[in-house]
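Descriptive analysis of the structure
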Amino acid sequence: MNRLAQLTALARNTWRGLTSMRTALALLFLLALGALPGALLPQYSLNAQRVRTYQAQHPILAPVLDRLGFFEVFASPWFAAIYLLLFISLVGCVVPRSIDYARQLRRAPVATPRNLARLPHHAVGQTASTPAEVIVAARRRLRGWRIAEGEEPGGVRTLSAERGYLREAGNLVFHVALLGLLVSFAIGKLIGYEGQVIVLANGSQFCNSGSLAYDSFRPGRSVDGTALTPFCVQVNAFRPTYLPTGAPEDYRAAITYQGPDDIAPGTWHPYLLKVNDPLRIGGTRVYLLGHGYAPQFTVTFPDGQQRSAVVQWPPVELGTMLSEGTTKFDPPGITDDATRRTGQLAITGLFAPTATFRGSLLSSAFPDMLDPAVAVDVLKGDLGNNSGRGQSIFSIDQSMVDSGRLKQVARQNLRPGEQLTLPDRTVVHFDGVTRFVSLQVSYDPTQLWVLGFAMLILGGLGLSLIVKRRRLWVRVTAAELAGTVVELGGLARTEAAGYGEEFERIAADLLPPGRAQPPVPTVASKAVISKDGR
Amino acid sequence: MLINPVVEYYSDLAYGTALVLYLIAMVLHAVEYSVGRVPVTTAAARVAVEGNGAVATLAPPDSEALRGKPERVGRSAVALTGLAVLVHAGSLALRGAAIGRVPWANMYEFISAICCVAVGCWLIALYRQRSAATLLRRLGVFVLLPVVVLMFLGGTVLYARAAPLIPSLNSYWITIHVSAAITATGILLVSGVASALYLVGAPAGSRIAARLPDITTLDRMAYRTAVVAFPIWTFAIMAGAIWAEAAWGHYWGWDPKETCALVAWVVYAGYLHARATAGWRGSPAAWINVVGFAVMLFNLFFVNIVVAGLHSYAGL
Ligand code: HEM
């Protein structure tokens, strides 16, 4: 055999193997199995922090899992491979079946089998009508069925009828829509993006000017983060309501926004942003995901210069909104870097919206802002934020503390309006608290396609599970003396459940009662031994 | 929204009553099961019912020989189950009334509702096949057992006082998405039990099998219930995705519960495919169905309790 023939044979066999039902089943299970670690192990895409915790707890196992992509299953090449193979298998399954179905639709129902008594459903009887009358009556009774008439030697007339073609149509719709859904999903992942940003609820603004405007930004592979839909959101106020137990009841943020067409004229539209109810600007959506507190501090340096800062301190206890954070200050007016880096300040600590103290230990009793207080450490020295490494705005660089370049100079609890004085007469004043909201912006232009395909999937599924494909044959023979012998046979082509009753009803309509003809009993459905029967 | 503690109390009372009634019904079923005569399932009779719905003309299993005391016990078990399911539904309704919202926002309520659907589905299946009721009633013990266990867990370990919805759950989608999930899960429980018993009954000559309905009846029951539940489950996932689009910023984010729901969906799709694939019918298909329900249970318990995800605020 020459190489080309070998190759085509290989390709053909691979294709056949890949598109067989067995392979599809195996791939389905592989998909299920492959998705499981994605559900059970922490995932980078969901919560990178938890992945790091897990890695710290499993120093031996985690690197292996990481290399295998188990912490980002749904972006891993092997998951994509299963997905792709399943896709090919589906195509291979659907295309030939669609062609076959199109052919079936044009073809007449199968000719009447010789021995109807061997079918799962069978009935026979004798009537006084003529064969022609019986045929007419049967045709009338079988309205809605696809019917073909036949003749057999000896003047015997037959009808072959078939019904329930929609089942196959539903099935094909289901599978094709599944393909469509997979494709739309993949395209959405490619051209969509998601970004998160924290905005102070004091009239601060966020503009969707580019990926740099976000605190975190997750672009699809073909998104470079420059050509985003332009819009701006201004958060004027955020209002949570709580039950007496501290359980949140409702969150809402009063915002104004500008869509792409409003920016030039400078118009703003008011909007009440709520959980479960995003703001939709064209294809871009803005969600209210969370909220928190941002304490404001004003530092008065010994030379009299003042600096204020409001920085969000993220909640560490969601139930009580006890929050933790760091607010950093550079000494003003100092151009010499070395000097500057001996006088930097960091105010770190806890914020409680409703303070309770155990001794001097601050905790929070309630998530709403009833009696706010902070417990702060003030550190002075080198914050290390020039070292070239990125630094979190939420915490200080512990190595600077460890190396003694950043020293604690004060520790105190403060209520709004209170202040503390450092040994060098710098005054730290706790001005008050501003709320912040965390917003998510999502863009996925394919999601309506996905919804459409999902509905087709459901519809197709319904059809293919409800409709039954079934066949019925009628053989009409003139009886020896007078009248007509009518014989019916029925076969459900798919799951048999339920055809028995329908067959009996048809038989009862077509055969006069009590005119049994031995040896077969009256209108009776007979069971058949299925292939896998035990 | 204020909670009415008196109504809540009566809801809990009804829950307990329903549980006790299920327990008694289960015991009665067990009595009928162990005392009642074994129906004549000769090989011929078993073979004869294979493969199609028309059992009616075969030697009726409900023959005189089977009537008698055990029969009456079995019938009263069914009647009691019927009463219990009404009380149970009443418990859910009262819970809803006490809180002024749908009664399925935490695991206790969720499990209660699933069990209610499962028992309802079981009674409907029994009614629809009443010609073979004596035979089918033998499943009663096995359907009620998981229900009793789940409800016991729900009423003790997982019990939660009535509470209003947190903002993120406060959406009409909770009615749509969760009720679909509950309905599907309840029906799939019955389906899973039928398939599990199929696997017990499949090895010829086992003594337990002799007391069970023949495996074809079990297989058909498992399939029919799964066929009803699968589109509902599909819808539940889709409704969840639509809700997620409004709540979490994307319709699909591989949240553990979403992923696990999809895995279960895929397994059930596998079951339906296996029923249509030569060589996979019978026991392999039944295994797949059992695995499917195992995934559902895993999703309900393990993912809710152990794996933290966006769903975990649904609460214990
Ligand atoms: C693609 C999206 C989603 C999928 C696939 C999904 C799937 C599921 C499934 C399978 C269950 C049944 C539960 C079980 O076995 O415990 C369930 C229950 C539930 N889902 Fe979702 N869901 C989705 C989105 C959402 C969203 C967006 C919310 C609300 C913000 C939500 C809230 C709930 C609640 C409250 C329950 C019942 C409570 C419980 O587990 O105790 N789901 N979901």
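Since the structure is predicted, the reported quantities are computational estimates derived from the model, not experimental observations.

A few words now on the overall build of chain A. From N to C terminus, chain A includes 11 helices and 24 strands. On C-alpha atoms alone, chain A measures out to a radius of gyration of 38 Å, which is more than a quarter above the 24 Å that the 2.2 N^0.38 rule sets for 534 residues. Taking the principal axes of the C-alpha coordinates as reference, chain A spans close to 125 × 65 × 55 Å. Every one of the 534 residues in chain A was classed for burial, and the buried ones make up 45%. The long-range fraction of contacts in chain A, counting pairs at least 24 apart against all pairs at least 6 apart in sequence, stands at 64%. Just so you have it, chain A exposes about 26,700 Å², and 58% of that area is on carbon and sulfur atoms. Distance from the positive charge centre (53 side chains) to the negative charge centre (41 side chains) of chain A: 11 Å.

Along chain B, the regular secondary structure elements total 11 helices and 0 strands. Element order for chain B, N to C, with α for helix and β for strand: α-α-α-α-α-α-α-α-α-α-α. Taking all contacts inside chain B whose residues are at least 6 apart in sequence as the whole, residues at least 24 apart take part in 84%. On chain B, roughly 12,000 Å² of surface is accessible, and the fraction owed to carbon and sulfur atoms is 73%.

Taken as a whole and judged by the stated rule, the model has 1 disulfide over all chains. Here A:C207 is linked by a disulfide to A:C232, with a sulfur-sulfur distance of 1.9 Å. The disulfide joining A:C207 to A:C232 has a torsion of about 110° about its S-S bond and is therefore right-handed. Residue A:C207 is located in strand β5 (residues 204–207), and its partner A:C232 is located in strand β7 (residues 232–242); the two are separated by 25 residues in the primary sequence. Overall, A:C207 belongs to the partly exposed group, its relative accessible area being 27%. Free cysteine B:C116: the closest other cysteine sulfur is in B:C115, separated by 8.6 Å. Residue classification places B:C116 among the buried residues on the basis of a relative accessible area of 12%. We note that B:C260 lacks a disulfide partner, and the nearest cysteine sulfur, in B:C115, lies 19 Å from it.

When strand β16 (residues 355–358) of chain A meets strand β17 (residues 361–364) of chain A, the two strands line up antiparallel, connected through 4 bridges. In the strand pairing of β17(A), A:A355 is matched with A:S364.

Taken together, the 66 residues of chain B in the interface contact 61 residues of chain A. Interface of chain B and chain A: buried area, both sides summed, is about 5,200 Å²; carbon and sulfur atoms make up 65% of it. Counting across the interface, chain B meets chain A through 2 salt bridges. For B:E245, the salt bridge identified is with A:R285, shortest N-O distance 2.9 Å. The tally of links from chain B across to chain A stands at 8 residue pairs in polar contact (both at pLDDT 80 or more). When residues of the side of chain B that touches chain A are traced back to their parent elements, those giving at least two are α2 (43–48), α9 (215–247), α10 (256–274) and α11 (283–305) of chain B. Top element by residues in the side of chain B that touches chain A is α9(B). It accounts for 14 residues.

On to the nonpolar core, then. In terms of nonpolar packing, the biggest core is built from 127 residues, with B:Y22, B:L139, B:I174 and B:W233 touching the most fellow members. Among the elements that take part in this core, α9(B) stands out by supplying 18 residues, more than any other. What B:Y22 contacts, discounting residues up to four positions off in sequence, is B:T81, B:A84, B:V85, B:H88, B:V119, B:L144, B:V147, B:V148 and B:M151. Grouped together as the second largest cluster of nonpolar side chains are 49 residues, A:V199, A:F231, A:L279 and A:F351 included.

On to the sheet that holds strand β8 (residues 248–258) of chain A. Residues and elements named next belong to chain A. Pairing in this open sheet of 4 strands is antiparallel, and the strands run β5-β7-β8-β9 from one edge to the other. Each edge of the sheet is formed by a strand with only one pairing partner; in this case those strands are β5 and β9 (269–274). Direction aside, neighbouring strands of the sheet carry axes that sit 35° apart on average.

Let us now look at the pattern of salt bridges. Residues and elements named next belong to chain B. Under the defined criterion, the tally for this structure stands at 30 salt bridges over all chains. One salt bridge in this structure joins E71 and R137, with 3.4 Å as the shortest N-O distance. One end of the pair, E71, is in helix α3 (residues 69–99); the other, R137, is in the loop between α5 (133–136) and α6 (140–155), and 66 residues separate them in sequence. A relative accessible area of 3% places E71 in the buried class.

Tracing the backbone shows A:D397 in the loop between β18 (373–381) and α9 (398–402). In terms of polar contacts, A:D397 uses its side chain to reach the side chain of A:S399, at 2.7 Å.

Chain-level statistics for chain B give a pLDDT mean of 84 and a share of 85% at 70 or above. Model confidence for the complex: the whole-complex pTM is 0.83, and ipTM, which rates the interface, is 0.80.

Bringing the packing of aromatic side chains into the picture now. Counted under the stated rule, the structure contains 31 aromatic pairs over all chains. A ring pair is formed by A:F238 and A:Y251, whose centres lie 5.9 Å apart and whose planes are at 35°; its orientation type is tilted. Of this pair, A:F238 sits in strand β7 while A:Y251 sits in strand β8, and the two are 13 residues apart along the sequence. Looking at A:Y251, the relative accessible area reads 19%, which means it is buried. The interplanar angle of 35° and the centroid separation of 5.9 Å between the aromatic rings of A:F297 and A:W313 together place this pair among those described as tilted. With a gap of 16 residues between them, A:F297 in strand β11 (residues 284–300) and A:W313 in the loop between β12 (306–310) and β13 (315–317) connect regions that are remote in the sequence. Put simply, the rings of A:F70, A:F74, A:W78, A:F79, A:F185, B:Y251, B:W252 and B:W254 touch in pairs and so form one group of aromatic residues. Here the guanidinium or amino end of B:R130 rests over the ring plane of B:Y127, the centre of that ring lying 4.3 Å away.

Reading the values: the criteria
Within any chain, residue numbers begin from 1 and follow the written order of that chain's sequence. All chains are assigned letters beginning with A, and all ligands numbers beginning with 1, in the order in which they are written. For a predicted model such as this one, the threshold for reporting local features is a pLDDT of at least 70, and the threshold for listing and counting side-chain atom pairs is 80 or more; totals across whole chains, interfaces and linings nevertheless cover every residue. The basis for the side-chain values is all heavy atoms of the structure; hydrogens and waters are excluded. Secondary structure elements are defined from DSSP: runs of H or I of at least 4 residues count as helices, runs of E of at least 2 residues count as strands, and each element is numbered from the N terminus. A radius of gyration in this sense is built from C-alpha atoms; the matching globule rule multiplies 2.2 Å by the number of residues raised to 0.38. Only protein chains enter the area calculation, which uses a 1.4 Å probe; residues under 20% of their type maximum are buried, those over 50% are exposed, and those in between are partly exposed. We call two residues contacting when some pair of their heavy atoms lies within 4.5 Å. For accessible areas, the Shrake-Rupley method is used with a probe of radius 1.4 Å. Any residue's cover is judged against the shown protein chains and nothing else. Only four residue types enter the charge count, namely Lys and Arg as positive and Asp and Glu as negative; His and the chain termini do not. A single reference atom marks each charge: NZ on Lys, CZ on Arg, CG on Asp, CD on Glu. Two cysteine sulfurs form what is called a disulfide whenever their separation falls within 2.5 Å. At least two bridges found by DSSP between two strands is the condition for calling them paired. We define buried area as the total accessible area lost by two parts upon association, computed with a 1.4 Å probe and summed across both. We define a salt bridge as a side-chain nitrogen of Lys or Arg found within 4 Å of a carboxyl oxygen belonging to Asp or Glu. Residues adjacent in sequence count toward polar contacts only when both atoms are side-chain atoms; beyond that, a polar contact is any pair of N or O atoms within 3.5 Å, and within protein one must be able to donate a hydrogen and the other to accept it. Residues grouped as a nonpolar core are buried Ala, Val, Leu, Ile, Met, Phe, Trp, Tyr and Cys residues, joined through side-chain atoms within 4.5 Å. Every axis corresponds to a line fitted to the C-alpha atoms, with the helix fit spanning only the stretch in contact, and the corresponding angles, defined between N-to-C directions, vary from 0 to 180 degrees. Here pLDDT means the predictor's own confidence in every residue, given as a number from 0 to 100. Planes of paired rings set the category: under 30 degrees apart is stacked, over 60 is edge-to-face and the rest tilted, where pairs are Phe, Tyr or Trp rings (Trp by its six-membered ring) whose centres lie within 6.5 Å. Two conditions define a charge sitting above a ring: the NZ of Lys or the CZ of Arg must be within 6 Å of the ring centre, and it must be within 35 degrees of the ring normal.

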